Structure formats: C-alpha cells, structure tokens
Amino acid sequence: MTTVEPAPDEVRVIEAGAAPTRFARGWHCLGLAESFADGKPHPITAFGQKLVVFAGEDGKLNVLDAYCRHMGGDLSQGTVKGNEVACPFHDWRWGGDGRCKQIPYSRRVPLRARTAAWTTLVQDKMLFVWNDPEGNPPPPDVVIPRIEGATRDDWTDWTWYETHVDTNCREVVDNVVDMAHFFYVHFAFPTYFKNIFEGHVATQLQRGSSREDVRPPAKDGQPKALGNTSVAAYYGPSFMIDELTYHYEGMDIDAVLINCHYPVSANSFKLQYGIIVKRTDKLSGPEAEATARKMGDFIRIGFEQDVQIWKNKTRIENPLLCEEDGPVYQLRRWYEQFYVDVADVTPEMTERFEFELDTAKPNAAWRAEVEENLSRRTSEHV
C-alpha cells in the first residue's frame, strides 16, 4: 500500500467529527454520598436521561430512571416512603431494584411493573453508578481502588467542587498526556512527565514546580514552595485518583485529588473534583482543614482555566502534533475501549504502553521565557 504525502504548502484541514452518542462503559461518580442520603429523592441528569437518587430507611443509596412506568410521573418530585420512592402522581412505590413494591389503591402489582435500576457503589464517601450499554454487570477486575485517608481521622474530609461543562468529556481525558498545557494554562513547570496505559488504567507521572513570573513568592514566615510530585491514574473512563505531594522547605504535604466526571449528554458533562489532606504534627486540627480548602480553591482555578479552553475550542479528531506533545493518539485508542462492545475491544486498546517525554527542550525554552518576563517586570519598576 502506497501512502500519499500531502504537499508542504497544503492547508491542513481540521476533522472535527461528531461526539459519540454512546456513553462510556464503566464506573461513574455522581458525587459525595452524603449529599444524597437525606431521605429525599434527588434528580440527576446523566447518560442522556433523567435519574432519581434516593436513600431508603435502610440507608442504601439507589438510582432509578426518574420517570414512573405507570403514567410518566417524575419520581424525583415524589417522596421516599420506607425503602421505596413514591411517585407524586399516583403513589406507586418503587424499590431500589427497579420493581414496583406496592400500589396503595390496587389489590396487586402488575407483573411487568419494573423500571431501570442502576448498579451502585458507595466507597470512600462517594456514590458511583455502573453504566454499560450492553447491560452487563461490572467485571470483578474493573474496580475503583480504595483511597488512603478517605475514611481515616488523620486525613481531612473531602473539599468538593462541581461544575457543568458544555462539551464532550473526551476533552478532560486528553489532559492525561498534555504536558505542555501545564505551562501555558496552569502556569507550572513539568520537569518530569511519563504516561503508562494498561488495561482499564491510564496513568500520568509528573514532577513540577510553579512559574515565578505568575505566582508570587512565599510571604515572610511562610515556607517556600519547592514543587510537587503527582501520580494520577484514570480507573476507567471517568474517575481519576491523583496522589499529590506538595514539597516545601522543611515539610511535605500529602494530598489526594479526585478528578471525575459523568456525561449529561453527548456534548455536556458534570465535572467534579475534590481533595483531602493528611494531617501531620506541623499541619493539624483546623489548620489542616483550612489547607485543604486553600488547595481546593487553587485547584479550582486550574480547572476553570481548562473549562475556558474547552468552551472555546473545536473538537478535533486529527490533532497535528510535535514530538513533545505526548501520546495523544495512543491515549485516545486506550479511551476507545469504553465506547465499543466488550467483544470489540482490541489488544492495542489495553496492552501496556509506556512513554516518557524529554522535558529538557521545553523547560529550557520556558525558563528563558520566565526569566525574560521577570527581567522586564523588574525594569518596569525601576
């Protein structure tokens, strides 16, 4: 087969493509479990439909299709009665397994009185639902790992954020390999950057420091920030656990950052992120909670910077890359496994792939840019 190379002066055309109408197979986090555990029904729009989330008297969190199969009443506008959610239209009672348990005015429940129920998981104070277009249960080897500190007293509680984004959620996942945007969007120096894809896990290993021309130096009495170390991994299509260590003069601060999302529609998603911080003898009590909030607010700025980019960019199937851009196409091949039937998952989607970026050239160029900015700022104040 002969490949025809484009002429050097030929204009490259962006292939935007269409977002998939199918929603990814895997575990998706709907948020902190406690926000749904108040004995009331909660509406959620996810996977292109309206859902209802509720906890019964037994405390179990359930997720059902929001519309009653009787005459279409909205269960999220109903009432939790015992372990069922009652439709506001005719009081049909629906259990967490999707079956109608009782109809107060009827002698019997119709045999086919069943609605869609979602497999749920409450872990580390978060609520997950399993989505599979083929209707299969979660395989035993596709799991969300337990998070150190999420339920321990020597770590803070979750500081949690969420925002709605009007674009396809693949834009979030592309960041796993995008080393350069950390400098331009998040004002950081990535000094080490490596990716590993294997099975249903995509990992980003990174070390970095802040840009001195953007972020002010530490005030008197505050420890000087030296940089951070990050091990961030997507477990499936939508849930990332980032084990973060912030390095300061004389101390380290360990944190866990969650970056997760669930699709609202083919072209919108709910982005959520949260952080917990480990308490130490130098960081205890209310100070640890305040540090978690401060870090969370700082991370929120970074996500808002991403969202601003996503809102204004185009979808692009054929990105034009240089060698320092990382394995974008390999990542997308890994991500594709969640959008096809299990029988159509190919070895190249799941086999181990490793790629370490050479950060020498980027950092030399970026360091020169920062020094120039600092020099210009100094001269302007002389």
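That block above? That's the structure.
First things first, this report covers the structure right here in the doc. What you see is a predicted model, and the numbers here were worked out from it, not measured in a lab.

Rules used throughout
Residues numbered from 1 in each chain as written. Predicted model: local features only at pLDDT ≥ 70, side-chain atom pairs only at ≥ 80, totals over all residues. Heavy atoms only, no water. 1 Å grid on protein atoms, 1.4 Å probe; cavity = no way out; pocket = protein on both sides within 12 Å on 5 of 7 lines; lining within 4 Å. Points joined across faces, edges and corners; volume = space filled by probe spheres on them. Helix = DSSP H or I, 4+ residues; strand = E, 2+ residues; numbered from the N terminus. Salt bridge = Lys/Arg side-chain N within 4 Å of Asp/Glu carboxyl O. Buried < 20%, exposed > 50% of the residue type's maximum accessible area, 1.4 Å probe, protein only. Nonpolar A, V, L, I, M, F, W, Y, C, P; charged D, E, K, R; others polar. Polar contact = N/O pair within 3.5 Å; in protein donor to acceptor, adjacent residues only side chain to side chain. Contact = heavy atoms within 4.5 Å. Phe/Tyr/Trp six-rings, centres within 6.5 Å; stacked < 30°, edge-to-face > 60°. Lys NZ or Arg CZ within 6 Å of the ring centre and 35° of its normal. Pairing = 2+ DSSP bridges. Axes fitted to C-alpha atoms, helices over the stretch in contact; angles between N-to-C directions.

**Structural notes on empty space enclosed by the protein**
Scanning all chains against the criterion turns up one cavity of 30 Å³ or more. What the largest cavity holds in volume is close to 100 Å³. Lining the largest cavity are 17 residues, and of these F23, N168, C169, P263 and Y339 sit closest to its centre. Residue assignment for the lining of the largest cavity shows that the elements contributing at least two residues are β16 (251–265) and β17 (268–277). At three residues, the largest contribution of residues to the lining of the largest cavity is made by β16.

**Looking at the pattern of salt bridges**
Scanning the model with the defined rule gives 25 salt bridges in all. Here D341 ties to R22 by a salt bridge, and the two come within 2.6 Å at their closest N and O atoms. With a gap of 319 residues between them, D341 in the loop between α4 (328–336) and α5 (347–350) and R22 in the segment before β1 (26–32) connect regions that are remote in the sequence. Assessed through its relative accessible area of 25%, R22 is described here as partly exposed. Across the pair R332 and D174 runs a salt bridge whose closest N-O atoms are separated by 2.8 Å. Of the two residues, R332 is situated in helix α4 and D174 in helix α1 (residues 170–174); the sequence distance between them amounts to 158 residues. A relative accessible area of 14% places R332 in the buried class. Each of K194, E198, R352 and E354 takes part in one network of salt bridges that share partners.

**Quick notes on the layout of surface pockets**
Taken as a whole, the second largest pocket spans an internal volume of roughly 430 Å³. Taken together, 18 residues form the lining of the second largest pocket, with E171, D174, D178, K313 and I316 sitting closest to its centre. Residue assignment for the lining of the second largest pocket shows that the elements contributing at least two residues are α1, α3 (285–312) and α4. Per-class residue counts for the lining of the second largest pocket are nine nonpolar, two polar and seven charged.

**Brief notes about the side chain of K194**
By the element assignment, K194 lies in strand β12 (residues 188–198). At 3.1 Å, the side chain of K194 forms a polar contact with the side chain of E354. In contact with K194, not counting residues within four places along its chain, are T203, Q204, L205, E354, F355 and E356.

**Focus on the packing of aromatic side chains**
A complete count under the given rule lists 20 aromatic pairs for this structure. Ring geometry for F128 against F239: centres 4.9 Å apart, planes inclined by 75°, an arrangement best described as edge-to-face. Of this pair, F128 sits in strand β10 (residues 126–131) while F239 sits in strand β15 (residues 239–248), placing them 111 residues apart in sequence. Looking at F128, the relative accessible area reads 0%, which means it is buried. Among the residues examined, F239 registers a relative accessible area of 0% and is labelled buried. Among the aromatic residues, those joined into a cluster by ring pairs are F197, W334, Y335, F338, Y339 and F353. Its end group placed over the ring of Y192, R207 keeps NZ or CZ at 4.3 Å from the ring centre. Lying across the ring of F183, R211 places its NZ or CZ 4.0 Å from the centre.

**Brief notes about the sheet that holds strand β5 (residues 79–81)**
Taken together, four strands build an open sheet; the order of strands is β5-β6-β7-β8 and the sheet is antiparallel. Looking at the sheet topology across the chains shown, the edges are occupied by β5 and β8 (100–102). The mean angle between the axes of side-by-side strands here comes to 40°, regardless of whether they run parallel or antiparallel. As defined by bridge partners, β5 adjoins strand β6 (residues 84–86) across three bridges and the pair is classed as antiparallel. Pairing of V80 across the sheet is with V85, part of β6.

**Quick word on the sheet that holds β16**
The antiparallel open sheet is built from eight strands, whose spatial order is β11-β17-β16-β15-β14-β13-β12-β18. If you trace the sheet from one side to the other, it starts and ends with β11 (159–165) and β18 (353–356), each paired once. Each neighbouring strand pair of the sheet contributes to a mean axis angle of 15°, computed without reference to strand direction. Note that strand β13 (residues 201–210) and strand β14 (residues 225–235) share eight bridges and pair antiparallel. Counterpart to R207 in the pairing with β14 is T229. The strands touched by α3 are β11, β15, β16 and β17; relative to β17, the strand with the most contacts, the crossing angle is about 155°.

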